[in-house]
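What the coordinates show
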Amino acid sequence: MRRIELLKQEHRDLDTAITALAHSSLADQLQLARLKKRKLMLRDEIALLEDTLIPDIIA
């Protein structure tokens, strides 16, 4: 559970960094792409961890 919270915080931090970099006049497109890729990886990891916490219910 703590791991998920840490990942969600990092995801929020990346979102803030991406927004700030995108609005910067000196936006580094390569850095922006790396941050977005990391954010997507975090989202996938969070989803995977949350799925393991919630059992599948077959009705």
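Below you will find a few notes about this structure. (Residues numbered from 1 in each chain as written. Predicted model: local features only at pLDDT ≥ 70, side-chain atom pairs only at ≥ 80, totals over all residues. Heavy atoms only, no water.)

A separate point is the nonpolar core. Counting nine residues, the largest nonpolar core consists of Ile4, Leu7, Leu14, Ile18, Leu21, Leu32, Leu35, Leu42 and Ile46. A total of five residues in this core trace back to one element, the largest contributor, which is helix α1 (residues 2–22). Each residue touching leucine 35, except ones within four places of it in the same chain, is listed here: Leu14, Ala17, Ile18 and Leu21. (Core = buried A, V, L, I, M, F, W, Y, C linked by side-chain atoms within 4.5 Å. Buried < 20%, exposed > 50% of the residue type's maximum accessible area, 1.4 Å probe, protein only. Helix = DSSP H or I, 4+ residues; strand = E, 2+ residues; numbered from the N terminus. Contact = heavy atoms within 4.5 Å.)

Turning next to the environment of glutamate 10. Structurally, glutamate 10 can be placed in helix α1. Residue class for glutamate 10 comes out partly exposed when judged on its relative accessible area of 29%. For glutamate 10 and isoleucine 57, which are 47 residues apart along the polypeptide, the C-alpha to C-alpha distance reads 30 Å. Once you skip the residues sitting within four places of it in the chain, glutamate 10 turns out to touch Arg38 and Leu42.

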